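An overview of the molecular structure
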Amino acid sequence: MYIYDSVQKTKRKFEPLVEGKVTLYVCGPTIYDDAHLGHAKSALVFDLLSRVLRANGYEVTYARNITDIDDKIIKKAIKQKKDIKTITDFYTAAFHKEMQAIGVKHPDIEPKATESLDAMYALITKLIENGHAYQTSNGDIYFDTKSDSKYLTLSRRVQNEDERQERVESSKEKRNPADFALWKSVKDDSVTFKSPFGKGRPGWHLECSAMIEKHLAYKDKPYAIDIHGGGADLLFPHHENEAAQTRCATKHKLANYWMHNGFVNINGEKMSKSLGNSFFLKNALREYDGEVLRFYLLSSHYRSSLNFNTKDLEVSKKRLNKLYRLKKRLFGLPYGEEKTAFGEKLLEALSDDLNISSALSLIDAMIAETNERLDTPGKHKEVKKETMANLGFIEKVLGFGVKNPYEYFQFGVDDATKAKLSKLIEARNEAKKAKDFQRSDTLREDILSYGVELMDTPHGSFWEKV
RNA sequence: GGUGCCAUCGCCAAGUGGUAAGGCCGCAGCCUGCAAAGCUGCUAUCCCCAGUUCAAAUCUGGGUGGCACCUCCA
């Protein structure tokens, strides 16, 4: 297994801290709104990573947090005159539902900020004790970036205070402009948590460090965890700050490998909630099968950016259709668990920093070869057995082809239409039987007018939603 | 202004020193009552310039263009 480490900026052979085990932590969403395609991509990338690691025999512990303490959540709660928890529960449930729709497995651990306050307090206390944090007169607690000689080594930035554009109103008592809040004191009664440092709210960067210590960290290794992942925009300042907190509060560094996924863009521009150009996952799911979205968002390399457009999405759909047509051809046959040459090659491609393009080209070649073999006369017992093992492996490691192929091709068609189509097909079969091809062709036109494709096979006539 | 990433066929996209994968589209053919599906065949010398090398899309230098981060962000 090889992983591109975005801190060392090179592809490195993956060596776990503990033989046979992997600890993986990914920064999850702040749940104040619906997830867009960018959130989906991030979740998909690390879902794929965990699957590939497992296929390589590693025992993986995968944690992805949910940030449920945040100013935007509070703002929304106040605006809608709702409880914070009402907001966060709603969007958490929606997030889970949408993740399931695109085949993202639930992480092993899903810590929430509200459930990790003790760990955060412990971390702050340590940092104050170690002289890496200080409290201002109004109660805020800041991390002292100057006290950490390794600060900025993660993102490799150059500290240049003179030219640093300070765009956020910050406390006059901050020792350095770069110092970031560990604890924000809040005087009013809006939303606060009781802590040893007074009433307030924790800083955003703190929760990840705290959750990692609480749920995943090795206590006796040079790194807390093996792999830390997240969107490319998190490298600075979020991950830089997380790394600083962990480094200064504990005896280990945060992560051995850092992975950052590229963005989903719209019209060449980053998709983000604040830019207001989000394409929400829930809307995409109304138009497309979740697996098509999964395929599309995973079809380009995880580190490169993806310019969202429906044309390419349609191409992904066509490509996935081919897999499902092969599945249809072998419908009802049992999956095998045996290893195949194809499976090994596929895993090898994916184990090279998740080279999805190579993996997909291997799948296309396998599909074409299998179809060709099945086209020749004979029973093809061996071919079928091998193919079912291949399909099973693709499902397991990539999450493609997990549905019933007939249902897959009926996405978005209501029952009344389905019934009508059945009747039309029946009538057409009768016309064909009677060799009344004119009527048969007229009926086909009727069938096609429902936006479906019709195909005659040795097993009967079927339609597929285009 | 600082830092970093990227530029491969009409479109999407691998490959990072050894002579350009794959998909979509298009064209031709096989199959089919006709179709669809499937299969077969055909289609690029890698943004520009200079250099290193027996050999470069792949390394170095210089351009040009695009994007991201430096502020909440996946």
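Please refer to the structure higher up on the page.
Quick notes on the rules
Residues numbered from 1 in each chain as written. Chains lettered and ligands numbered in written order. Predicted model: local features only at pLDDT ≥ 70, side-chain atom pairs only at ≥ 80, totals over all residues. Heavy atoms only, no water. Helix = DSSP H or I, 4+ residues; strand = E, 2+ residues; numbered from the N terminus. Contact = heavy atoms within 4.5 Å. Areas by Shrake-Rupley, 256 points an atom, 1.4 Å probe, with all protein chains shown as cover. Lys, Arg positive; Asp, Glu negative; His and termini not counted. Charge placed at Lys NZ, Arg CZ, Asp CG, Glu CD. Core = buried A, V, L, I, M, F, W, Y, C linked by side-chain atoms within 4.5 Å. Buried < 20%, exposed > 50% of the residue type's maximum accessible area, 1.4 Å probe, protein only. Domains from an automatic or database assignment. Pairing = 2+ DSSP bridges. 1 Å grid on protein atoms, 1.4 Å probe; cavity = no way out; pocket = protein on both sides within 12 Å on 5 of 7 lines; lining within 4 Å. Points joined across faces, edges and corners; volume = space filled by probe spheres on them. Nonpolar A, V, L, I, M, F, W, Y, C, P; charged D, E, K, R; others polar. Axes fitted to C-alpha atoms, helices over the stretch in contact; angles between N-to-C directions. Parallel < 35°, antiparallel > 145°, perpendicular 65-115°, else oblique. Left-handed = near helix turned anticlockwise from the far one by under 90°.

A few words now on the overall build of chain A. The helix and strand tally for chain A stands at 15 helices and 16 strands. Taken along its principal axes, the extent of the C-alpha atoms in chain A is 95 × 50 × 35 Å. Within chain A, counting contacts between residues at least 6 apart in sequence, those at least 24 apart form 74% of the total. Approximately 22900 Å² of chain A is accessible, and the part contributed by carbon and sulfur atoms is 50%. Separation between the mean location of the 74 positive side-chain charges and that of the 68 negative ones in chain A comes to 1 Å.

The subject of this paragraph is the nonpolar core. With 72 residues, the main nonpolar core has Ile227, Leu346 and Leu398 as its most contacted residues. The leading source of residues in this core is helix α1 (residues 37-55), at ten residues. When we break this core down by domain, the ones giving at least three residues each are domain 1 (2-160 + 168-266) and domain 2 (330-405). In this structure leucine 346 touches Ala359, Leu362, Ile363, Phe393, Ile394, Val397 and Leu398, once residues within four positions along its chain are discounted.

Direction of pairing for strand β15 (residues 452-457) relative to strand β16 (residues 460-465): antiparallel, over a ladder of six bridges. Residue pairing across strands places valine 452 opposite lysine 465, the latter belonging to β16. Counting the residues that bridge the hairpin from β15 to β16 gives two residues.

Let us look at the layout of surface pockets. Here the second largest pocket is characterised by a volume of approximately 450 Å³. Taken together, the elements giving at least two residues each to the lining of the second largest pocket come down to α9 (310-329), α11 (356-375), β15 and β16. For the lining of the second largest pocket, the element with the highest residue contribution is α9, accounting for three residues. In the lining of the second largest pocket, the residues fall into six nonpolar, five polar and six charged. There are two domains that each give the lining of the second largest pocket at least three residues, and those are domain 2 (330-405) and domain 3 (413-465).

Leaving glycine out, the prevailing phi sign among residues is negative, and the prevailing peptide bond configuration is trans. Here the residue pair phenylalanine 236 and proline 237 is connected by a cis peptide bond, since its omega of 0° sits within 30 degrees of zero. Structurally, proline 237 can be placed in helix α6 (residues 235-249). One non-glycine residue, lysine 81, adopts positive backbone phi at about 55°. Within the element layout of this structure, lysine 81 appears in the loop between α2 (71-79) and α3 (84-101). Here lysine 81 falls in the exposed class, since its relative accessible area comes to 79%. Positive phi, normally seen in glycine, also occurs at aspartate 353, with a value near 55°. Considering the arrangement of structural elements, one finds aspartate 353 in the loop between α10 (341-350) and α11. Residue class for aspartate 353 comes out buried when judged on its relative accessible area of 2%.

Our focus in this paragraph is the sheet that holds strand β10 (residues 223-231). In space, the four strands of this open sheet follow the order β4-β3-β10-β11, with parallel pairing throughout. Each end of this open sheet is capped by a strand with a single partner; those strands are β4 (59-64) and β11 (253-261). Averaged over all pairs of adjacent strands, the angle between their axes in this sheet comes to 25°, without regard to strand direction. In the packing of α6 onto the sheet, contacts are made with β10 and β11, and the angle to β11 comes to roughly 165°.

So, on to the packing of helix α5 (residues 204-215) against α6. Geometry of a packed helix pair, given as the angle between the helix axes and the separation of the axes. Running from N to C, α5 and α6 point in directions that differ by 50°, and their axes come no closer than 8 Å. Relative to α6, the element α5 lies oblique. Between α5 and α6 lies a crossing of right-handed hand. Packed against α5, whose contacting residues are Trp204, His205, Leu206, Cys208, Ser209, Ile212 and Glu213, the element α6 presents Pro237, His238, Asn241, Glu242, Gln245 and Thr246 at the interface. Taken together, the residues of the contact of α5 with α6 break down into five nonpolar, six polar and two charged.

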